[in-house]
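Reading the structure
Now for the letters of each chain:
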Amino acid sequence: MAESDTRNYPFGTLVTAMVTPFTADGAVDYQQAAELAGRLVDDGCDGLVVTGTTGETSTLTDEENLGMFEAVVGAVGGRAKVIAGTGTNDTRHSISLSQRAAALGVDGLLLVTPYYNKPSQGGIQAHFEAVADSTELPVMLYDIPGRSGVPIATETIIRLADHRRILALKDAKSDFSATTRVLANTDLDVYSGDDGLTLPWMAAGAVGLVSVSAHVATKKFRALIDAAHAGDFATARILHFELDPVVRAVMTHIQGAVSTKQILKWQGVLPNSMVRLPLLEPGQAEIDVIKADLAEAGIAL
């Protein structure tokens, strides 16, 4: 499959879950966000998640979320899919934020499992259906039990796939057997939600990746996904091995937003590595192991 063909998916195939840049005094830096979005798309992303987990959505106000949606739509709308992270643990709040995002021209919604409340599977299904019914936008479910506290059961995902607006799944559960059942029994576009599992998930039929590490190695992730779509798994395997130390640098030592902002600062892409409490910038021990992994990947800072 040619690269241009991969861009026909409603959410794209290489989707970076963007960080939210802050100014030195902690305000959202919308200009830096627009510039980062443009850079990511120029380097090969055909989708961007705005204010998802990596975008520190849990510490943003609604107005800051909406400002980020507007900034990124203005920067790359029409060139890449702009996917708004509008899922919360309050269905009414999620509906309101989704409707306001839709009015700003986003292309789709990323809806995380309601967190902290620990709803039943019936409650999870009702939540997603209510939010999906509230706009005309396509929906990507986001299954990440390590953060939400509860998984979306495979049977629940299969039922939700019958909804006409629920078109995709970001799978951050790392359960290959469960994902296989979803791929075999639905028409959902499945995305790896774990950067290091992109190759095996795509070998089984996933369409791409929602990534944090792609901030750092966008072009190489683009090449891996294009190789997998083309059925060239020998090339994809080589790229998978080359990307392994990048994924370790970004995803295994400290929270992904923290490591990503630090690396982007080192690369001169962002002017600072500011995060909001309760996140903290990395300490020296974390910096040392991140730099060692990046050196292994051949990334000069």
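Note that the structure is predicted; figures quoted are calculated from it, not measured. (Residues numbered from 1 in each chain as written. Predicted model: local features only at pLDDT ≥ 70, side-chain atom pairs only at ≥ 80, totals over all residues. Heavy atoms only, no water.)

**Looking at the nonpolar core**
Core analysis: the largest hydrophobic core is formed by 72 residues, its most contacted members being Met18, Leu48, Val72, Val106, Leu141 and Phe221. Phe221 has contacts with Leu14, Asp195, Leu209, Ser211, Ser213, Ala214, Leu243 and Val247, leaving out every residue within four places of it along the chain. Among the nonpolar cores identified, the runner-up in size contains 16 residues, and Phe11, Ala17, Val49 and Ile83 belong to it. (Core = buried A, V, L, I, M, F, W, Y, C linked by side-chain atoms within 4.5 Å. Buried < 20%, exposed > 50% of the residue type's maximum accessible area, 1.4 Å probe, protein only. Contact = heavy atoms within 4.5 Å.)

**Observations regarding helix H9 (residues 218-229)**
Taking 1.5 Å per residue as the helical rise, H9 with its twelve residues ought to reach 16 Å, and the 17 Å between its terminal C-alpha atoms agrees with that figure. With nine of twelve residues buried, H9 is to be regarded as a mostly interior element. Turning to H9, its buried residues number three or more, namely Thr218, Phe221, Arg222, Leu224, Ile225, Asp226, Ala227, Ala228 and His229. Looking at the packing, one finds that the buried side of H9 touches strand E1 (14-17), helix H1 (30-42), helix H8 (198-203), strand E8 (208-211) and helix H10 (233-251). Gly231, located one to two residues past H9, shows a positive phi value of around 80°. (Helix = DSSP H or I, 4+ residues; strand = E, 2+ residues; numbered from the N terminus. Expected span 1.5 Å × (residues − 1).)

**Some points on the side chain of Asn65**
Relative to the assigned elements, Asn65 resides in helix H2 (residues 62-76). In this structure Asn65 comes out as buried when scored by relative accessible area, which is 2%. Of the polar contacts made by the side chain of Asn65, one reaches the side chain of Thr51; its length is 2.8 Å. Once you skip the residues sitting within four places of it in the chain, Asn65 turns out to touch Thr51, Thr57, Leu60, Gly85 and Leu97. (Polar contact = N/O pair within 3.5 Å; in protein donor to acceptor, adjacent residues only side chain to side chain.)

**Topic: unusual backbone geometry**
In the segment running from Leu277 into Pro278, the intervening peptide bond is cis, with an omega of 20°. If you trace the backbone, Pro278 turns up in the loop between helix H11 (256-266) and helix H12 (284-296). Backbone geometry places Lys118, a non-glycine residue, at a positive phi of 55°. When you line up the elements, Lys118 lands in the loop between strand E4 (108-112) and helix H4 (121-133).

**Looking at the UniProt feature "site: Part of a proton relay during catalysis" (unreviewed entry) in the protein**
Cross-referencing UniProt, the feature "site: Part of a proton relay during catalysis" (unreviewed entry) maps to Thr53 and Tyr116 in the present numbering. Residue classification places Thr53 among the partly exposed positions, given a relative accessible area of 26%. Here Thr53 is in contact with Tyr142, Arg147 and Gln255, once residues within four sequence places are set aside. Here Tyr116 shows up in the loop between E4 and H4. (UniProt positions renumbered as here; feature names shortened; annotations may be inferred.)

**Quick notes on the UniProt feature "active site" (unreviewed entry) in the protein**
Per the UniProt record, "active site" (unreviewed entry) is found at Tyr142 and Lys170. What stands out for the annotated residues spanning 29 residues is how close their C-alpha atoms remain, the widest pair being 4.7 Å apart. Inspection of the secondary structure puts Tyr142 in strand E5 (residues 139-143). Tyr142 sits in the buried class, given a relative accessible area of 5%. The residues contacting Tyr142, other than those within four sequence positions of it, are Thr53, Leu110, Leu111, Val112, Thr113, Ile152, Lys170 and Ala172.

**What to know about the environment of Val139**
Mapped onto the elements of the fold, Val139 is located in strand E5. Here Val139 falls in the buried class, since its relative accessible area comes to 0%. In the structure, Val139 is positioned 51 residues away from Val190 in sequence and 12 Å away in space, judged by C-alpha atoms. The contact partners of Val139, leaving out residues within four places of it in the chain, are Phe11, Leu109, Leu111, Ala132, Arg165, Ile166, Leu167 and Ala168.

**What to know about the pairing of strand E7 (residues 189-192)**
Residues in a regular strand point their side chains to alternate faces of the sheet. Going residue by residue along E7, you find Asp189 and Tyr191 tucked away on one face and Val190 and Ser192 tucked away on the opposite face as well. Here four bridges tie strand E6 (residues 166-171) to E7, and the two strands are oriented parallel to one another. Paired with Asp171 across the bridge in E7 is Ser192. Crossover handedness for the path E6 to helix H7 (residues 176-185) to E7: right-handed. The sheet contact formed by E7 and E8 spans two bridges and is parallel. Across the sheet, residue Tyr191 finds its bridge partner in E8, namely Gly208. (Pairing = 2+ DSSP bridges. Right-handed = clockwise from strand over helix to strand, strands pointing away.)

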